[in-house]
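In case you want the letters, here they are:
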Amino acid sequence: MMRKLARSLGAFWESFRMALEAMRAHKLRAFLTLIGVVIGVATIISMMTVLGGMKYKIDDAMLNSLGANVFQVQRYDGDGGIHFGPRRRKWRPKIEASYAKEIRERCPSVRSVGIESWSFGRRLTRGGLETNGDHSIAGGSVEFGTNNSRYTVLGRPISQQDVSSARRVIVLGFDAYKKLYAGGDPLGTFVRVDGQKFEVIGVFEERGEMFGESQDRENWIPFSTFERIYGDKSVNLTVQAWDPSAYRKSQYEVVEAMRVLRGLRPGEENNFAMWTPDLMQKQFTEQTAWIGVATFGICGISLLVAGIGIMNIMLVSVTERTREIGVRKALGGTRGSILRQFLIEATTLSLVGGAIGIMLGYGVAVLLNTRWDFPAPVPVWAVMLATIFCTVVGVGFGMWPAIKASRLDPIEALRYE
């Protein structure tokens, strides 16, 4: 038994060595044949790595986008959330700030309701310094910080007294703090937004970037102050449930309360949207599914072309080595040994291309990680899948040349010139 196994391993190793020798003897031909395999495998490894990194970023961002057990009620669903109406956006009545009080009273599973409204594309100035014009101003109630997971690293958040008195105070985003104060103490000083003067009472902790976009350009002022400056606009409501077990129930209660507040009849579509982090993650997964399908399509086409190339080069090899095959058969070589020899050569050719493709995919992951600090873990399943694909291509497209070689008549083969 052991002797038979040893003979089989020895024959396999000899066939593998001969396959490498054949590739070395025809480097250019082998290289051109492998291009398709390399492109296909590198594509699938790179794309799966990038998608994995994007999902990690999305998960991390969504985890920090809202506080624990918090969801949001908004006028339109935008790019995320649930749209309870037809796909084409149509006008909807605005979300009133007064809804917050009604929801608190009508929904027993709700712990708190925050109010926020936004103005985008704003510039902050201090003396001769100014930020760029892509900062945003959030007018928020006292729940804004907790419900959005935004905490101060300097100073304090907006208080109820600030909101009640419509004070001109501001909590700076970290980008504005860096630009206007360069690490100095901003508390008690003043900045201007749209010509309005605000006392700095705090600074948000730094969040960093997501897909190259800073998440530290949000600045917070009291909601009452915001209304006086920017007018009565539709608001977003951030709703926090008492605990995780009440999270889903609180959403049903809020939907029911909103329908009553907006005078919707039974069966009529909701004219508001709800947004939760898990819905955003689900939407991202659905939207990127087609990228995975396209990637596998490109990979499949590349491997098909590569397989045809492998079959072609193996047929040429059979023709070139006809006399060699005849000699081996004359010396006792069986059809099975000839078949195995050419199959191993074809599979080795495919696997070498796959190995190069995997290394290129790893190279992309390392480049993303080191150059752009992008988390890019190479999925093990993608490496295993690529290896299986390469094996299947090598065996599948090498079968016909191998069968042709094994069926050669030894006398005719020895006469071949």
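This one's a predicted model, so the numbers in the text were calculated from it and none came from an experiment. (Residues numbered from 1 in each chain as written. Predicted model: local features only at pLDDT ≥ 70, side-chain atom pairs only at ≥ 80, totals over all residues. Heavy atoms only, no water.)

S.K.: Whenever I open this one, the overall build of the protein confuses me. Can you help?
M.R.: Counting secondary structure elements, the protein contains 13 helices and 15 strands. Against the compact-globule benchmark of 22 Å for 417 residues, the protein has a radius of gyration of 33 Å, which places it well outside the compact range. C-alpha atoms of the protein, sized along the principal axes, occupy 105 × 60 × 45 Å. For the protein, the proportion of its 417 residues judged to be buried stands at 45%. Relative to all contacts within the protein whose residues are 6 or more apart in sequence, the contacts with residues 24 or more apart total 78%. Carbon and sulfur atoms form 60% of the exposed surface of the protein, whose accessible area is close to 21,700 Å². Mean positive and mean negative side-chain charge positions of the protein (51 and 40 charges, respectively) differ by 6 Å. (Helix = DSSP H or I, 4+ residues; strand = E, 2+ residues; numbered from the N terminus. Rg over C-alpha atoms; globule rule 2.2 N^0.38 Å. Buried < 20%, exposed > 50% of the residue type's maximum accessible area, 1.4 Å probe, protein only. Contact = heavy atoms within 4.5 Å. Areas by Shrake-Rupley, 256 points an atom, 1.4 Å probe, with all protein chains shown as cover. Lys, Arg positive; Asp, Glu negative; His and termini not counted. Charge placed at Lys NZ, Arg CZ, Asp CG, Glu CD.)

S.K.: For this particular structure, what's the right way to read the side chain of N270?
M.R.: Following the sequence through the fold, N270 ends up in the loop between α8 (247–261) and β15 (273–275). Of note is the side chain of N270, whose polar atom sits 2.3 Å from the side chain of R259. (Polar contact = N/O pair within 3.5 Å; in protein donor to acceptor, adjacent residues only side chain to side chain.)

S.K.: How do you make sense of the pattern of salt bridges when you look at a structure like this?
M.R.: Two side chains bearing opposite charge may form a pair once their charged atoms approach each other closely. Within this structure, the stated rule accounts for 14 salt bridges. Its salt-bridge partner being R217, residue D134 comes within 3.0 Å of it at the nearest N-O pair. A residue pair is termed long-range when its members are at least 10 positions apart, and D134 in the loop between β5 (129–130) and β6 (135–140) and R217 in the loop between β12 (213–214) and β13 (218–222) qualify at 83 residues. With relative accessibility at 37%, the residue D134 sits in the partly exposed group. D162 is paired through a salt bridge with R156; the nearest N and O atoms lie 2.8 Å apart. (Salt bridge = Lys/Arg side-chain N within 4 Å of Asp/Glu carboxyl O.)

S.K.: Just checking my understanding: could you explain unusual backbone geometry for this structure?
M.R.: Note: most peptide bonds trans; most residues except glycine with negative phi. Positioned with a positive phi, A166 is a non-glycine residue whose angle comes to about 50°. You can see A166 is positioned in the loop between α5 (160–164) and β8 (169–172). Judged by relative accessible area, A166 falls into the buried class, the value being 9%. Positioned with a positive phi, D194 is a non-glycine residue whose angle comes to about 50°. Counting through the fold element by element, D194 comes out in the loop between β9 (190–193) and β10 (196–204). Residue classification places D194 among the partly exposed positions, given a relative accessible area of 36%.

S.K.: Please explain helix α10 (residues 322–330) as it appears in this structure.
M.R.: Residues separated by three or four positions in an α-helix point in the same direction, a consequence of the helix having 3.6 residues per turn. Taken as a whole, α10 has its buried residues at T322, I325, G326 and K329. Axial view of α10: buried residues confined to an arc of 100°, hence all on one face. Just downstream of α10, G332 is the residue with a positive phi angle, here 110°. (Arc of directions from axis to C-beta.)

S.K.: What's the story with the environment of N236 in this structure? I'm lost.
M.R.: Among the structural elements, N236 can be located in strand β14 (residues 236–241). For the pair N236 and W118, spaced 118 residues apart in the sequence, the C-alpha separation amounts to 8.8 Å. Each residue touching N236, except ones within four places of it in the same chain, is listed here: Q72, V73, Q74, R75, G114, I115, E116 and W118.

S.K.: What is the right way to read the packing of helix α3 (residues 99–106) against α8 from this model?
M.R.: Each pair of packed helices can be summarised by the angle the axes make with each other and by the distance between the axes. Two elements in contact, α3 and α8, have axes separated by 10 Å at closest approach and are oriented at 130°. With respect to each other, α3 and α8 are oriented oblique. The handedness of the crossing between α3 and α8 is right-handed. Touching Y99, E102, I103 and R106 of α3 are V254, A257, M258, V260 and L261, all from α8. Residue composition of the contact of α3 with α8, by class: seven nonpolar, no polar and two charged. (Axes fitted to C-alpha atoms, helices over the stretch in contact; angles between N-to-C directions. Parallel < 35°, antiparallel > 145°, perpendicular 65-115°, else oblique. Left-handed = near helix turned anticlockwise from the far one by under 90°. Nonpolar A, V, L, I, M, F, W, Y, C, P; charged D, E, K, R; others polar.)

S.K.: In this structure, what is going on with the side chain of T276? I would like to understand it.
M.R.: For T276, the location among the structural elements is in the loop between β15 and α9 (277–320). Setting aside anything within four residues of it in sequence, one finds T276 in contact with F71, Y247 and Q251.

S.K.: Help me understand the packing of helix α11 (residues 335–372) against helix α12 (residues 380–406) in this model?
M.R.: Two elements in contact, α11 and α12, have axes separated by 7 Å at closest approach and are oriented at 150°. Taken as axis vectors, α11 and α12 run roughly antiparallel relative to one another. In this structure, the crossing between α11 and α12 has a hand that is right-handed. Residues that form the contact of α11 with α12 fall into these classes: 16 nonpolar, eight polar and one charged.

S.K.: Any chance you could explain the packing of aromatic side chains here in plain terms?
M.R.: Each aromatic ring pair is specified by the distance between its two centres and by the angle formed by the two planes. Overall, the coordinates contain nine aromatic pairs when judged by the stated rule. When the ring of W118 is compared with that of F144, the centres are 5.9 Å apart and the planes differ by 55°; the resulting orientation is tilted. Of this pair, W118 sits in strand β3 (residues 110–122) while F144 sits in helix α4 (residues 144–147), placing them 26 residues apart in sequence. Residue F144 is classed as buried on the basis of its relative accessible area, which comes to 2%. Relative to Y230, the ring of F226 lies with its centre 4.7 Å away and its plane at 40°, an arrangement referred to as tilted. Here the residue F226 and the residue Y230 both occupy positions in helix α7 (residues 223–230), the gap between them amounting to four residues, near one helical turn. Like Y230, F226 is buried. A network of ring pairs unites the aromatic residues W118, F120, F144, F204 and W220 as a single cluster. (Phe/Tyr/Trp six-rings, centres within 6.5 Å; stacked < 30°, edge-to-face > 60°.)

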